[in-house]
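# A look at the structure
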Amino acid sequence: MADALELDALWAEFHRVVNMTSQELAAWLRVNDASEESVAPPEHAGAPTGEHVLAILQKRRIDLTEDDLDVMYEVVDTVTAETGPEREPKQASEAEETRRRHRLMTLGHDPTRPLA
């Protein structure tokens, strides 16, 4: 298990990048699962990760497991890579941007909202 300072930092960063409420994420996952495009390639396990993020949002910090911490690190790394200033600006089609937004929203991050 991570030490207390590392856990505090991870908890804060996870809740900074996950800018959707648990209710919003649950609704998004239901809508996304019902869409025609909900079948993702195996390497993009969005729905299971999204469900895990939802479970983490409903936990207290002291109840986190090692699996929870792994998912939290993964979400922070993914959202940071997709939204950070080091992300290479490129002209993406509207369809590509929609897919990117949907992928991030499956992790609990709505890129149309500013980070805290």
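In what follows, the accompanying structure is described. Here the structure is a predicted model, which is why all the values come from computation and not from measurement.

Each value, and the rule that gives it
- Residues numbered from 1 in each chain as written.
- Predicted model: local features only at pLDDT ≥ 70, side-chain atom pairs only at ≥ 80, totals over all residues.
- Heavy atoms only, no water.
- Helix = DSSP H or I, 4+ residues; strand = E, 2+ residues; numbered from the N terminus.
- Buried < 20%, exposed > 50% of the residue type's maximum accessible area, 1.4 Å probe, protein only.
- Contact = heavy atoms within 4.5 Å.
- Areas by Shrake-Rupley, 256 points an atom, 1.4 Å probe, with all protein chains shown as cover.
- Core = buried A, V, L, I, M, F, W, Y, C linked by side-chain atoms within 4.5 Å.
- Axes fitted to C-alpha atoms, helices over the stretch in contact; angles between N-to-C directions.
- Parallel < 35°, antiparallel > 145°, perpendicular 65-115°, else oblique.
- Left-handed = near helix turned anticlockwise from the far one by under 90°.
- Nonpolar A, V, L, I, M, F, W, Y, C, P; charged D, E, K, R; others polar.
- Expected span 1.5 Å × (residues − 1).
- Polar contact = N/O pair within 3.5 Å; in protein donor to acceptor, adjacent residues only side chain to side chain.

### Re the overall build of the protein
The helix and strand tally for the protein stands at five helices and zero strands. Taken from N to C terminus, the helices and strands of the protein fall in the order α-α-α-α-α. Per-residue burial for the protein yields a buried fraction of 32% across its 116 residues. When contacts within the protein are restricted to residue pairs at least 6 apart in sequence, long-range pairs at least 24 apart make up 72% of them. Accessible area of the protein: about 7400 Å², with a carbon and sulfur share of 54%.

### Describing the nonpolar core
F14, V53, L64, M72 and V75 are the most contacted members of the largest nonpolar core, which has 24 residues in total. Of all the secondary-structure elements, those providing two or more residues to this core are α1 (4–17), α2 (22–34), α3 (46–57), α4 (66–83) and α5 (94–106). If one sorts the elements of this core by residue count, α4 sits on top with six residues.

### Remarks on the packing of α1 against α4
The interhelical angle for the contact between α1 and α4, taken along N-to-C directions, is 50°, at an axis separation of 9 Å. One element, α1, and the other, α4, form an angle in the oblique class. In this structure, α1 meets α4 at a crossing whose hand is left-handed. Every residue of α4 that contacts α1 at E6, L7, L10, W11, E13, F14 and V17 is listed here: L69, M72, Y73, V75, V76, V79 and T80. Taken together, the residues that form the contact of α1 with α4 break down as 11 nonpolar, one polar and two charged.

### Regarding α4
In an α-helix, one turn spans 3.6 residues, which is why side chains three or four residues apart end up on the same side. A rise of 1.5 Å per residue sets the reference length of α4, with its 18 residues, at 26 Å; its end C-alpha atoms lie 26 Å apart and thus fit the reference within 8%. Taken together, the buried positions of α4 are occupied by D68, L69, V71, M72, V75, V76, V79 and E82.

### Looking at the side chain of T106
Secondary-structure assignment places T106 in helix α5. When its relative accessible area of 5% is taken as the criterion, T106 is described as buried. A distance of 2.9 Å separates a polar side-chain atom of T106 from the backbone oxygen of H102.

### Regarding the environment of H109
Along the chain, the position of H109 falls in the segment after α5. Each C-alpha atom of the pair H109 and L25 lies 8.7 Å from the other, and the pair is 84 residues apart in sequence. Side-chain polar atoms of H109 contact the backbone oxygen of V17, separated by 2.7 Å.

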